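Each chain, letter by letter, is given below.
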Amino acid sequence: MLKIYLGEMKGAIYHPPTYFDNCYEDEWLTTPLAKEMIRDVDRSEVISAHLIDSPVLGPIPPKDLSGGIKTLLLMAYDTDGKIFNASVCGDNCAKWILKLGEQKDLTINLRHVMRFGKDPFEILILNTGTIVRNMSEFVDVAEAYV
Amino acid sequence: MKGKKRVIIQNNRVHYEFVIKRNITIIQGDSASGKTTLVNMIRQAENLGESSGINVSCEVPCRVLEGVNWKIILENSRESIFFIDEENYFIKTEEFASAIRGSENYFVLITRENLYNLPYSVEEIYGLHVSGKYRDTRKIYQKMYQIYPKTARLPVRVQKIITEDSNSGYQFFENVCAERNITCESAGGKTKIPEMIGKAGTEETCIIADGAAIGAEMNLLSNKIEEKQNVHLYLPESFEWLILNSDLLQDKEVRKILENPEDYIDSTEFFSWEQYFTKLLIQKTEGTYLQYKKAKLNPSYLQDKNKNKILESIQGIQWKIKSLK
């Protein structure tokens with residue numbers, strides 16, 4: 001289930017892209033999920049664990065992926081139990097955060113209102129212990145914390 | 001610093017081009033839109049100059065502000081545009097807000113967080129997008145677009161008005177609404193607006209707030225009204241700007257200023273534009289029958305001729321015809 005802690009959170013990784021640069025593993029990049037997320041968010045193709053083909057920047061290393069995709073990869077594969085600040089992710093990452101939350105227990109920190117789309121979802125808000133099921137409910141809870 | 005600054009930053013793959021015209025500009029939007037690439041290019045150009053292979057064209061230096069020494073750098077800089085990427089937590093601090101108040105520099109902040117310490121405009125919150133490609137090359141143009149376009153869901157035929165404050169602006173609209181049997185309420189400050197939206201009924205409701213300093217609230221407000229389609233936001237610079245813009249004063253200088261306010265509003269003197277417009281209106285009306293005070297509305301503004309002049313200049317709201325007494 002996706003769990004969100006809203007607002008300032010002690011111990012959360014404030015800038016996941018920097019954490020990614022120093023902690024990612026090669027094998028994360030070549031999984032089908034990683035390839036799909038990178039294709040969708042960064043519009044880039046994974047050639048190998050060390051090479052990504054970006055339509056804008058040309059051939060790039062994983063360190064030049066977007067901050068949003070680096071954070072998604074950490075959410076998917078980091079096993080150190082860290083909680084990552086998802087406010088470095090744009091709204092185009094929201095559907096992937098929801099998907100990751102369906103596949104595993106995922107706790108993230110969010111410091112702004114992310115648009116999770118019009119479809120229903122299920123998110124546990126850790127600040128209040130309540131479950132929100134659509135954007136309207138999410139915004140109503142979030143306004144006290146972001 | 002004052003005036004608009006055109007910025008062009010390019011290498012053989014990317015061409016960024018945009019105009020910065022206020023002391024605080026925010027860049028946010030989707031992931032992978034080129035925000036960090038922009039900052040990296042500015043950093044490389046600043047450090048290596050021409051030998052970076054990056055061309056920066058701007059009448060003032062474009063620089064990156066980051067790291068633990070940000071305050072020292074800022075204290076020793078003037079007439080520059082500082083770009084600050086989202087990893088720099090200090091942009092959220094009161095210390096940063098104090099440091100940039102009265103600064104001779106402009107600041108471009110890359111963040112999705114709501115910076116309640118800073119009075120930035122709804123008009124200066126941008127995203128980046130690809131606007132085209134160079135012919136026969138892989139090079140792309142990146143431009144900025146306004147995240148919150150000011151005409152979104154406007155004009156509105158109102159049944160209820162909520163004003164941000166309880167001063168002159170509220171007093172003016174309360175009178176206008178009373179004549180038309182429309183409800184008018186004061187939110188009692190911009191931080192209370194989300195709560196008012198939550199309580200709004202089904203009537204077509206327009207919230208009038210100072211666009212010049214409501215940037216930090218926009219993430220929440222835009223999401224709130226997305227869920228309430230009968231609630232609309234009308235965000236002029238400020239109530240004082242509305243009066244100035246209505247040409248009620250028939251003042252040539254005011255007209256000229258409003259064409260390009262950025263040429264007159266010095267960041268060292270005004271943290272946000274609504275402070276300038278208030279000062280300008282007070283100055284221009286001093287000693288006249290329209291003498292303006294923010295705390296209490298001069299009744300002259302409620303005379304039919306003057307009131308209508310202001311109302312006619314408001315393009316975001318369609319008013320009901322006055323009720324017969």
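Since the model is a prediction, treat every value here as computed from it, not as a measurement. (Residues numbered from 1 in each chain as written. Chains lettered and ligands numbered in written order. Predicted model: local features only at pLDDT ≥ 70, side-chain atom pairs only at ≥ 80, totals over all residues. Heavy atoms only, no water.)

Asks: Provide a residue-level description of the overall build of chain A, including the pertinent values.
Replies: When you go through chain A residue by residue, the secondary structure sums to six helices and eight strands. When the helices and strands of chain A are listed from N to C terminus, the series reads β-α-α-α-β-β-β-α-β-α-β-β-β-α. Taking 15 Å as the expected radius of gyration for a compact globule of 146 residues, we find that chain A reaches 15 Å, a close match to that expectation. Each principal axis of the C-alpha distribution contributes one length, and for chain A these read about 45 × 30 × 25 Å. Contacts in chain A between residues far apart in sequence, at least 24 positions, make up 59% of those at least 6 positions apart. Summed over its atoms, the accessible surface of chain A is roughly 6,300 Å², and 50% of this surface lies on carbon and sulfur atoms. Of the charged side chains in chain A, 15 are positive and 21 negative, and the gap between their average positions amounts to 1 Å. (Helix = DSSP H or I, 4+ residues; strand = E, 2+ residues; numbered from the N terminus. Rg over C-alpha atoms; globule rule 2.2 N^0.38 Å. Contact = heavy atoms within 4.5 Å. Areas by Shrake-Rupley, 256 points an atom, 1.4 Å probe, with all protein chains shown as cover. Lys, Arg positive; Asp, Glu negative; His and termini not counted. Charge placed at Lys NZ, Arg CZ, Asp CG, Glu CD.)

Asks: Summarise the packing of helix α1 (residues 16-23) of chain A against helix α4 (residues 67-77) of chain A; cite the residues concerned and give the values.
Replies: All names here are of chain A. In the contact formed by α1 and α4, the axes pass within 8 Å of each other and the chain directions differ by 65 degrees. The two elements α1 and α4 meet at a crossing, and its hand is left-handed. Judged by residue contacts, Pro16, Pro17, Tyr19, Phe20 and Asp21 of α1 engage Gly67, Lys70, Thr71, Leu73 and Leu74 from α4. Each residue belonging to the contact of α1 with α4 can be placed in one class, and the counts come to six nonpolar, two polar and two charged. (Axes fitted to C-alpha atoms, helices over the stretch in contact; angles between N-to-C directions. Left-handed = near helix turned anticlockwise from the far one by under 90°. Nonpolar A, V, L, I, M, F, W, Y, C, P; charged D, E, K, R; others polar.)

Asks: Account for the sheet that holds strand β2 (residues 14-20) of chain B, with residues named and values stated.
Replies: All names here are of chain B. Pairing within the open sheet is mixed, and its nine strands lie in the order β4-β1-β2-β9-β8-β3-β7-β6-β5. Strand pairing shows two members of the sheet lacking a second neighbour, β4 (55-57) and β5 (62-64), which therefore form its edges. Taken over all neighbouring pairs, the strand axes of this sheet differ in orientation by 25 degrees on average, direction set aside. Pairing of β5 with strand β6 (residues 81-84) involves three bridges; the strand directions are parallel. Each residue of the ladder has a partner; that of Val64, found in β6, is Phe83. The sheet strands contacting helix α1 (residues 35-48) are β1 (5-10), β2, β3 (24-28), β4, β5, β6, β7 (106-110) and β8 (125-133), and the helix crosses β5 at an angle near 105 degrees. (Pairing = 2+ DSSP bridges.)

Asks: Quick rundown of the packing of aromatic side chains? Include the residues and the values.
Replies: All chains considered together, the criterion is met by 21 aromatic pairs over all chains. Feature note: the residues Trp70, Phe82, Phe90, Phe96 and Phe107 of chain B constitute an aromatic cluster, connected by ring pairs. When the ring centre of Trp96 of chain A is taken as reference, the NZ or CZ atom of Lys99 of chain A above it lies at 4.7 Å. It is Arg22 of chain B that lies over the ring of Trp273 of chain B; its NZ or CZ is 3.5 Å from the centre. (Phe/Tyr/Trp six-rings, centres within 6.5 Å; stacked < 30°, edge-to-face > 60°. Lys NZ or Arg CZ within 6 Å of the ring centre and 35° of its normal.)

Asks: Account for the interface of chain B and chain A, naming residues and giving values.
Replies: Contacts between chain B and chain A engage 25 residues on the former and 33 residues on the latter. For the pair chain B and chain A, the summed buried area comes to about 2,500 Å², and 48% of that belongs to carbon and sulfur atoms. For the pair chain B and chain A, the interface holds five salt bridges. In this structure, Lys224 of chain B engages Glu143 of chain A in a salt bridge whose closest nitrogen and oxygen atoms are separated by 2.5 Å. Here chain B and chain A share 17 residue pairs in polar contact (both at pLDDT 80 or more) between them. A total of five residues in the side of chain B that touches chain A trace back to one element, the largest contributor, which is helix α6 (residues 218-226) of chain B. Of the residues assigned to the side of chain B that touches chain A, the class counts are seven nonpolar, six polar and twelve charged. (Buried area = accessible area lost by both parts, 1.4 Å probe. Salt bridge = Lys/Arg side-chain N within 4 Å of Asp/Glu carboxyl O. Polar contact = N/O pair within 3.5 Å; in protein donor to acceptor, adjacent residues only side chain to side chain.)

Asks: So what's going on with the pattern of salt bridges? Which residues, and what values?
Replies: Residue and element names in this part refer to chain B. Under the criterion given, the structure shown has 33 salt bridges over all chains. One salt bridge in this structure joins Lys307 and Glu179, with 2.5 Å as the shortest N-O distance. Of this pair, Lys307 sits in helix α10 (residues 304-313) while Glu179 sits in helix α4 (residues 168-179), and the two are 128 residues apart along the sequence. You can call Glu179 buried: its relative accessible area is 14%. (Buried < 20%, exposed > 50% of the residue type's maximum accessible area, 1.4 Å probe, protein only.)

Asks: Tell me about α4 of chain A, and name the residues and values.
Replies: All names here are of chain A. Most of α4 sits out of view: eleven of its eleven residues are buried. Within α4, burial applies to Gly67, Gly68, Ile69, Lys70, Thr71, Leu72, Leu73, Leu74, Met75, Ala76 and Tyr77. Buried positions along α4 lie against α1, α2 (26-29), α3 (32-41), β5 (84-85), α5 (94-103) and β6 (106-110).

Asks: For the pairing of β3 of chain B, give the residues involved together with the corresponding values.
Replies: All names here are of chain B. Counting buried positions over the five residues of β3 gives five, a clear majority of the element. On β3, burial covers both faces: Ile24, Ile26 and Gln28 on one face and Thr25 and Ile27 on the other are all buried. Note: β3 against β7, four bridges, orientation parallel. Bridge pairing in β7 links Ile24 to Phe107. Sheet topology places β3 next to β8; three bridges connect them, and they run parallel. Each bridged residue has a counterpart across the sheet, and for Ile26 the counterpart in β8 is Ile125.

Asks: Please give an account of the sheet that holds strand β14 (residues 231-234) of chain B that cites residues and values.
Replies: All names here are of chain B. In spatial order, the strands read β12-β11-β13-β14; together these four strands make up an open sheet with parallel pairing. Both edges of this open sheet fall to β12 (183-186) and β14, since each of them pairs with a single strand only. Between one strand axis and the next, the sheet turns by 20 degrees as a mean value, whatever way the strands run. Pairing geometry for strand β13 (residues 205-208) and β14, over four bridges, is parallel.

Asks: With reference to specific residues and values, describe the domain arrangement of chain B.
Replies: Residues and elements named next belong to chain B. Along its sequence, chain B is organised into domain 1 (5-146) and domain 2 (151-318). Taken over both partners, the interface formed by domain 1 and domain 2 buries close to 1,700 Å², and the fraction arising from carbon and sulfur atoms is 57%. Looking at the side of domain 1 facing domain 2, the largest losses of area belong to Arg22, Pro119 and Val122, adding up to 31% of the total buried there. Taken together, the connections running from domain 1 to domain 2 amount to one salt bridge. Glu237 serves as the salt-bridge partner of Arg22, at 2.7 Å between the closest nitrogen and oxygen. The tally of links between domain 1 and domain 2 comes to eight residue pairs in polar contact (both at pLDDT 80 or more). When the residues that make up the side of domain 1 that touches domain 2 are grouped by side-chain class, the tally is eleven nonpolar, six polar and five charged. (Domains from an automatic or database assignment.)

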